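# Fold and geometry: a report
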Amino acid sequence: MSKQLQGMTLEAILIRLHAYYGWEQLAQRIAINCFISDPSIKSSLKFLRKTPWARERVEALYCASHFND
């Protein structure tokens, strides 16, 4: 796990990515159904918690994103 992710929950990561990119941009960057078809935080969390490869991609996108803080 990256230092950048230390202490962060998957929900916090997903909320931040959604606020920054929106569902459409997230779906373009990571083509997974939970971002494409009727996306929500709840359904995405359920999928990502069960699917390690998808969670890794979401975490990698978070680490690669340059948030304007």
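Parameters at a glance
- Residues numbered from 1 in each chain as written.
- Predicted model: local features only at pLDDT ≥ 70, side-chain atom pairs only at ≥ 80, totals over all residues.
- Heavy atoms only, no water.
- Salt bridge = Lys/Arg side-chain N within 4 Å of Asp/Glu carboxyl O.
- Helix = DSSP H or I, 4+ residues; strand = E, 2+ residues; numbered from the N terminus.
- Buried < 20%, exposed > 50% of the residue type's maximum accessible area, 1.4 Å probe, protein only.
- Phe/Tyr/Trp six-rings, centres within 6.5 Å; stacked < 30°, edge-to-face > 60°.
- Lys NZ or Arg CZ within 6 Å of the ring centre and 35° of its normal.

The protein appears in an unreviewed UniProt entry as DNA-binding protein VF530 from Duganella qianjiadongensis.

## Considerations on the pattern of salt bridges
A full pass over the atoms with the stated rule returns one salt bridge. Note that Arg55 and Glu59 form a salt bridge whose closest N and O atoms lie 3.0 Å from each other. Linking Arg55 with Glu59, this pair stays in helix H4 (residues 52-64), spanning four residues, or about one helical turn. Look at Arg55 and you get partly exposed, because its relative accessible area is 29%. Note on Glu59: relative accessible area 17%, which makes it buried.

## Some points on the packing of aromatic side chains
Counted according to the given criterion, the structure contains four aromatic pairs. Consider the rings of Tyr20 and Phe67, whose centres lie 4.9 Å apart with planes at 75°: the pair is edge-to-face. Here the residue Tyr20 occupies a position in helix H1 (residues 10-29), and Phe67 occupies one in the segment after H4, the gap between them amounting to 47 residues. Taking relative accessible area as the criterion, Tyr20 reaches 37% and is therefore assigned partly exposed. Measuring from centroid to centroid gives 5.2 Å for Tyr62 and Phe67, while their planes differ by 45°, and the two rings are tilted. Like Phe67, Tyr62 is buried. Following the ring pairs from residue to residue traces out a cluster consisting of Tyr20, Tyr21, Tyr62 and Phe67. When the ring centre of Phe67 is taken as origin, the NZ or CZ atom of Arg16, which lies over that ring, is 4.1 Å away.

## Focus on unusual backbone geometry
Positive phi is not limited to glycine here, since Asp38 has a value of about 50°. For Asp38, a relative accessible area of 69% translates into the label exposed.

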